[in-house]
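Listed below are the residues making up each chain.
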Amino acid sequence: QVQLVESGGGLVQAGGSLRLSCAASGRTFSGYAMGWFRQAPGKEREFVAASWSGGSRYYADSVKGRFTISRDSAKNTVTLQMNSPKPEDTAVYYCAADAKPTAVANGNPRYWGQGTQVTVTS
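Residues numbered from 1 in each chain as written. Predicted model: local features only at pLDDT ≥ 70, side-chain atom pairs only at ≥ 80, totals over all residues. Heavy atoms only, no water.

(A) Spotlight on the pairing of strand β8 (residues 77-83). Among the seven residues that make up β8, five are buried, leaving the element largely enclosed by the rest of the structure. As defined by bridge partners, strand β3 (residues 17-25) adjoins β8 across seven bridges and the pair is classed as antiparallel. Paired with L18 across the two strands is M82, which belongs to β8. Bridging between strand β7 (residues 67-72) and β8 involves six bridges; their strand directions are antiparallel. Each bridged residue has a counterpart across the sheet, and for D72 the counterpart in β8 is T77. (Buried < 20%, exposed > 50% of the residue type's maximum accessible area, 1.4 Å probe, protein only. Helix = DSSP H or I, 4+ residues; strand = E, 2+ residues; numbered from the N terminus. Pairing = 2+ DSSP bridges.)

Next comes the structure, spelled out in structure tokens:
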């Protein structure tokens with residue numbers, strides 16, 4: 001059974017830093033596209049960052065230059081380093097994966113984690 005489990009969420013002050021991790025199990029994700037999405041209260045879920053298996057990385061304009069996605073294929077993990085977070089980054093963050101990069105890019109990946117809450121205080 002495939003599982004994606006996020007960790008590392010919590011309370012952080014604006015301008016600080018926070019690191020989210022996603023541990024994948026049930027299969028090897030080295031050939032998969034993996035990404036992070038978020039959903040704030042009353043808003044639709046939105047793309048944050050993605051990492052293709054070939055090494056390419058993509059970011060939403062709102063987080064570019066502040067957040068970094070990385071993956072460790074040997075450990076089947078993907079992380080999201082959040083630097084200089086802002087109150088508007090407050091949301092539930094979801095890890096996601098799919099064999100097709102287009103599915104991640106379109107916000108419809110096959111596999112989702114349960115989410116981890118990130119709250120940024122001013």
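(B) Here's a closer look at the pattern of salt bridges. Evaluated as defined, the whole model comprises four salt bridges. Among the salt bridges present, the one from D61 reaches K64, with a minimum N-O distance of 3.1 Å. With its nearest N and O atoms 2.8 Å apart, the salt bridge here joins D89 to R66. A residue pair is termed long-range when its members are at least 10 positions apart, and D89 in the loop between β8 and β9 (91-98) and R66 in the loop between β6 (57-59) and β7 qualify at 23 residues. If you follow the salt bridges from partner to partner, you end up with R38, E46, R66 and D89 in one network. (Salt bridge = Lys/Arg side-chain N within 4 Å of Asp/Glu carboxyl O.)

(C) Quick peek at the state of the cysteines. Across all of its chains, the model carries one disulfide by this definition. There is a disulfide in this structure between C22 and C95, and the S-S distance comes to 2.1 Å. Of note, the bridge from C22 to C95 carries an S-S torsion of about -75° and is left-handed in sense. Of this pair, C22 sits in strand β3 while C95 is found in strand β9, placing the two residues 73 residues apart along the sequence. We classify C22 as buried; its relative accessible area is 0%. (Disulfide = S-S within 2.5 Å.)

(D) Inspection of the environment of D72 at higher detail. Considering the arrangement of structural elements, one finds D72 in strand β7. Sequence separation between D72 and F29 is 43 residues, and the spatial gap between their C-alpha atoms is 9.7 Å.

(E) Structural view of the sheet that holds β7. Ordered in space as β1-β3-β8-β7, the four strands form an open sheet in which the pairing is antiparallel. Because the sheet does not close on itself, it has two edges, and the strands there are β1 (3-7) and β7. Looking at each pair of strands side by side, their axes are set apart by 15° on average, direction ignored. (Axes fitted to C-alpha atoms, helices over the stretch in contact; angles between N-to-C directions.)

(F) Layout of the side chain of D98. Along the polypeptide, D98 turns up in strand β9. Buried charge without a salt bridge: D98, with K100 as the nearest opposite-charge side chain at an N-O distance of 6.4 Å. Among the polar contacts listed, one links the side chain of D98 to the backbone nitrogen of K100, at a separation of 2.8 Å. Those residues in contact with D98 that lie beyond four places of it in its chain are Y32, A33, A103, V104, N108, P109 and R110. (Lys, Arg positive; Asp, Glu negative; His and termini not counted. Polar contact = N/O pair within 3.5 Å; in protein donor to acceptor, adjacent residues only side chain to side chain. Contact = heavy atoms within 4.5 Å.)

(G) Summary view of the pairing of strand β5 (residues 46-51). Where strand β4 (residues 33-39) meets β5, five bridges bridge the pair, whose relative direction is antiparallel. Bridge pairing in β5 links F37 to F47. The loop that links β4 with its antiparallel partner β5 comprises six residues; one of these, G42, has a positive phi angle of about 75°. As paired elements, β5 and β6 share three bridges and run antiparallel to each other.

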